[in-house]
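Secondary and tertiary structure notes
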Amino acid sequence: LINQFASTKRMCMALGVESLDELTANLESLLEMDPPASWWERLKALPEFARLARIFPSLVEEAPAQEIAKTGNDASIAGIPAIKAWPGDAGAFVSLGCVFTKDPATGKRNCGMYRLQVFDDRTLGFHSHLHHAGAAHARETPEGERLPVAVAIGTDPAVTFAAVAPLPPGMDEMLLAGYLRGSGVAMAKCRTVPLEVPASSEIVLEGWVDPREKRIEGPYGDHTGFYSLPDEYPVLHLTAVTHRRDPIYATTIVGPPPMEDC
């Protein structure tokens, strides 16, 4: 599945609004809410707070994303149609995966969108820039330990949107996704790493990153219209691949505006 976000009309359909201005207004009203000062104000605000109470993620036992599970030596991305988008790319990349990590110190969840170069069926490049939370979590992983990582592919559009939104540090992207959806995101525990992923995902890659293990990643045709240069990045080693019984692989071609990722 490609080009799902390639027009304003499709974005509005995906996020359940008539226009993106409506989405902006909804988010502004959320950010401008002040804590109620009196009991009367609390009562008046109750409907809004009741609605906000429904946006928190929940944990479920059964997950469509785990209908098929391959772990251990069977964990492989062979058969997943990751694409090489541009002639100068170093290879195929997973370009629309929502990457979940947790702060090693606080346990707070983060969801970002980082490209993953396919090195082989069981290892991928973990391309997270220095200012991204994923890179910070890798740096803060204690000596001798590894960073657990889960990559959800084919997520609810609200989850995809939340993964790329510039939220304040420490804010759970699944809260924003829940607000956009009007209901909390159902999360499921991963099979081999201590993380949770959206239960409705099409495909989930689970694994570990040793921050001290680096490998050359790139070049990659980027949104600037130029190739980002090869550099050393950590390596994601797969421990499980789970997916729906008949999964849809979501991807995008990254490039300068008006490409889909813009």
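For the structure on display, the rule yields nine salt bridges. Note that D222 and R115 form a salt bridge whose closest N and O atoms lie 3.7 Å from each other. Placement of D222 in the loop between β12 (220-221) and β13 (227-228) and of R115 in the loop between β5 (109-113) and β6 (116-120) is noted, with a sequence separation of 107 residues between them. The same class applies to D222 and to R115, which are both buried.

Our next topic: the sheet that holds strand β1 (residues 58-59). Taking strand neighbours across the sheet as the criterion, the three strands line up as β1-β9-β10 in an open arrangement whose pairing is mixed. The sheet is open, and its two edges are formed by β1 and β10 (196-198), each paired on a single side.

So, on to the side chain of S201. Within the element layout of this structure, S201 appears in the loop between β10 and β11 (203-217). A relative accessible area of 0% means that S201 is categorised as buried. In this structure, S201 is in contact with P64, A65, A152, I153, G154, T155 and R244, ignoring residues within four places of it in sequence.

Note that β1 and strand β9 (residues 186-189) share two bridges and pair parallel. By the bridge assignment for β9, L59 is matched with M187.

The topology assignment puts V159 in helix α5 (residues 157-164). As for V159 and R181, which are separated by 22 residues in sequence, their C-alpha atoms are 8.9 Å apart. In this structure, V159 is in contact with C98, M174, A177, V185 and P198, ignoring residues within four places of it in sequence.

This part is about empty space enclosed by the protein. Counted under the stated rule, the structure contains one cavity of 30 Å³ or more. Forming the walls of the largest cavity are I83, A85, D89, F93, S95, Y220, T252, I253 and V254. Considered class by class, the residues forming the lining of the largest cavity number six nonpolar, two polar and one charged.

Buried residues dominate helix α6 (residues 173-181), accounting for seven of its nine residues. For α6, the complete set of buried residues consists of E173, M174, L176, A177, G178, Y179 and L180. Taking the backbone nitrogen of M174 as reference, a side-chain oxygen 3.0 Å away marks D172 as the first, capping residue of α6. In the segment just after α6, G182 is the residue with positive phi, at about 85°.

What follows concerns the layout of surface pockets. Within this model, the largest pocket holds a volume of roughly 1,400 Å³. Taken together, 45 residues line the largest pocket, and the ones lying closest to its centre are M113, H132, A163, V164 and A165. Where the lining of the largest pocket is concerned, the elements lending two or more residues are α1 (8-15), β5, α4 (133-139) and α5. Split into classes, the residues belonging to the lining of the largest pocket amount to 23 nonpolar, 14 polar and eight charged.

Procedures and definitions
- Residues numbered from 1 in each chain as written.
- Predicted model: local features only at pLDDT ≥ 70, side-chain atom pairs only at ≥ 80, totals over all residues.
- Heavy atoms only, no water.
- Salt bridge = Lys/Arg side-chain N within 4 Å of Asp/Glu carboxyl O.
- Helix = DSSP H or I, 4+ residues; strand = E, 2+ residues; numbered from the N terminus.
- Buried < 20%, exposed > 50% of the residue type's maximum accessible area, 1.4 Å probe, protein only.
- Pairing = 2+ DSSP bridges.
- Contact = heavy atoms within 4.5 Å.
- 1 Å grid on protein atoms, 1.4 Å probe; cavity = no way out; pocket = protein on both sides within 12 Å on 5 of 7 lines; lining within 4 Å.
- Points joined across faces, edges and corners; volume = space filled by probe spheres on them.
- Nonpolar A, V, L, I, M, F, W, Y, C, P; charged D, E, K, R; others polar.
- Polar contact = N/O pair within 3.5 Å; in protein donor to acceptor, adjacent residues only side chain to side chain.

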